[in-house]
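Reading the structure
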Amino acid sequence: MEAKTALLIDPIYREHLAGRAHPETPERIDAVVEGLQQAGLLDRLGRIDRRAASEEELLLCHTREYLRTVRRDVESGHRYLSTGDTDITSNSFEIAAMAAGGAMNAVDAVAGGKARNAFCAVRPPGHHATASRGMGFCVFNSVAIAARHAQRRHGVERVLIVDWDVHHGNGTQDIFYSDPTVFFFSTHQWPLYPGTGRADETGAGAGLGTTMNFPFPAGSGRKEILGAVENSLAPAMERFRPELVLISAGFDSRIGDLLGRFTLTDRDFADLTRALMEIADRHAGGRVVSLLEGGYNLGGLASASAAHVEALSQSTVASSSPLASRA
Ligand SMILES: [Zn+2]
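For every chain, the first residue of the written sequence is number 1, and numbering continues from 1 along that sequence. It should be noted that, the model being predicted, local features are given only for residues of pLDDT at least 70 and side-chain atom pairs only at 80 or more, the latter also being counted only at that level, while totals for whole chains, interfaces and linings use all residues. Heavy atoms from the whole structure form the basis of all side-chain values; hydrogens and water molecules are not counted.

Turning next to the sheet that holds strand β2 (residues 46–47). Whether two strands pair comes down to DSSP finding at least two bridges between them. Where helices and strands are cited, they refer to DSSP runs of H or I of at least four residues and of E of at least two residues respectively, numbered from the N terminus. What the 8 strands build is an open sheet, ordered β2-β1-β3-β8-β7-β4-β5-β6; its pairing is parallel. Edge positions in the sheet fall to β2 and β6 (211–216), since each has one partner strand and no second. In this sheet, β2 lies alongside strand β1 (residues 4–8) in parallel orientation, the contact comprising 2 bridges. Opposite A6, over in β2, you have G46 as the bridge partner. Across the sheet, helix α7 (residues 222–240) is in contact with β4 (159–163), β5 (182–189) and β6; its angle to β5 comes to roughly 170°. Residue contacts are defined here by distance: any two heavy atoms, one from each residue, within 4.5 Å place the two residues in contact. Axis lines are fitted through C-alpha atoms, for helices just across the contact stretch, and the angle between N-to-C directions can take any value from 0 to 180 degrees.

What follows is about the side chain of N170. Along the chain, N170 falls in helix α6 (residues 170–175). Burial classification: accessible surface area is computed with a 1.4 Å probe over protein chains only, and a residue below 20% of its type maximum counts as buried, one above 50% as exposed, and the rest as partly exposed. Taking the relative accessible area as the measure of exposure, N170 reaches 9% and is therefore buried. Pairing of N or O atoms within 3.5 Å defines a polar contact, subject to two protein rules: one partner must be a possible hydrogen donor and the other a possible acceptor, and residues neighboring in sequence count only if both atoms are side-chain atoms. Side-chain polar atoms of N170 contact the side chain of H128, separated by 2.7 Å. Ignoring sequence-local partners within four residues, the contact set of N170 consists of H127, H128, T130, M135, P194 and T196.

Here we take up unusual backbone geometry. Cis geometry marks the peptide bond from R123 to P124, where omega comes out at 0°. Secondary-structure assignment places P124 in the loop between β3 (115–120) and α5 (142–154). Of note, the amide linkage connecting Y193 to P194 takes the cis form, showing an omega dihedral of 0°. Assignment of secondary structure puts P194 in the loop between β5 and β6. At L17, a position not held by glycine, the phi torsion is positive, near 65°. Looking at the element boundaries, L17 is found in the loop between β1 and α1 (27–38). Even without glycine at this site, R241 takes up a positive phi of about 50°.

Only protein atoms enter the 1 Å grid, on which a cavity is a set of points fitting a 1.4 Å probe that cannot get out and a pocket is an open set with protein on both sides within 12 Å along at least 5 of 7 lines, lining residues being those with an atom within 4 Å of a point. Grid points are joined across faces, edges and corners, and a volume is the space filled by probe spheres set on the points. Tallying each qualifying case throughout the model produces 1 cavity of 30 Å³ or more. Its boundaries defined by the atoms lining it, the largest cavity holds a volume of some 30 Å³. In terms of lining residues, the largest cavity is bounded by V107, V110, A111, A150, V156, L244 and R287. Here the element with the most residues in the lining of the largest cavity is helix α4 (residues 92–111); it accounts for 3 residues. All amino acids are sorted into three groups, where Ala, Val, Leu, Ile, Met, Phe, Trp, Tyr, Cys and Pro are nonpolar, Asp, Glu, Lys and Arg are charged, and the leftover types, Gly among them, are polar. In the lining of the largest cavity, the residues fall into 6 nonpolar, no polar and 1 charged.

To continue, consider the coordination of the zinc ion. Note on the zinc ion: its protein donors are D165 (OD), D165 (OD), H167 (ND1) and D252 (OD). The metal-donor distances range over 1.9 to 2.7 Å. Sodium, potassium and calcium take a 3.2 Å donor cutoff, other metals 2.8 Å, and in both cases only N, O and S atoms count; water is not among them, so sites may look incomplete. Note on geometry labels: four donors, all angles 85 to 135 degrees, give tetrahedral; four donors become square planar and six octahedral when opposite donors are over 155 degrees apart and every other angle is between 65 and 115; remaining cases are irregular. Geometry at the zinc ion is irregular, judged from the 4 donor atoms that bind it and their angles of 53 to 154° at the metal. Here the donor residues of the zinc ion share one chain and are spaced in sequence as D-x1-H-x84-D. Separated by 87 residues along the polypeptide, D165 in the loop between β4 and α6 and D252 in the loop between β7 (244–249) and α8 (266–283) bring together distant segments of the chain. Taken individually, D165 and D252 each receive the classification buried, so the pair is uniform in this respect.

Turning our attention to the environment of G221. Looking at the element boundaries, G221 is found in the loop between β6 and α7. Here G221 falls in the buried class, since its relative accessible area comes to 3%. In sequence terms G221 and L264 are 43 residues apart; their C-alpha atoms lie 4.9 Å from each other. When near neighbours in sequence (up to four residues on either side) are disregarded, G221 contacts L226, T263 and L264.

Next comes the structure, spelled out in structure tokens:
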């Protein structure tokens, strides 16, 4: 049977910040499930199991001292991480480790040919977390850990991470800034939290040229973001030739979000998804793993994530090519 799109949907991801008034709310998971259900996607797609990342796996991208800090903050009943603006509850270490572990399971499924591509409805989000600092609602950087895991466990050499969240993925950028094997591409509103992601931040040392930032003013949308993907990312990928495409899928870049002022529509997210699938088909055997990041308008999150997953589940023109067909 042909491998299909797989989903990581699990109630465990509701438990972080349960009962707390916060925009990064457990109800975001319900919204995604409802959107997928209404689009008829829940029953016809494959599934990915949750699991916890081990300490050793978290250390792929985080420092030992930071792990100790998170554990200490959680155990001492702090309401916030001491490193930054991230609310926590007593289970936050465990649930954040589950988000990273689930992302690695998705990489295993896609790299192992069990799934064609995958979407993980996980929280807390991860892209603001640096090696040594949680911030911006993020505890562990799941997409970064997934990239390292793909390299270590599956022999993947070059990974592309595309971050279309309305906020700049400073943590992901920071972790791979000097690393030529992980290409980080981000479109984000400017100025906006966290204040990084200028166009002249392009990497350092051996990683010079494998970071690409597109800051756009409030009100930007399809023209700017799809344009950056088609006109800048796609040609850059002809040189980089990624073997795996990861998406930091933040839907706070959708029109009507509470924290962002971009104007992407559900159709735009579907087209962005297809553009990235074309890159993946061309270079990476079609392998795409997408992780939920932001998205704070629950209705918008529901419909945009459904449009994204629907596009992932459809075939692209290029996917009928021999290059993209895998066991
Ligand atoms: Zn965001």
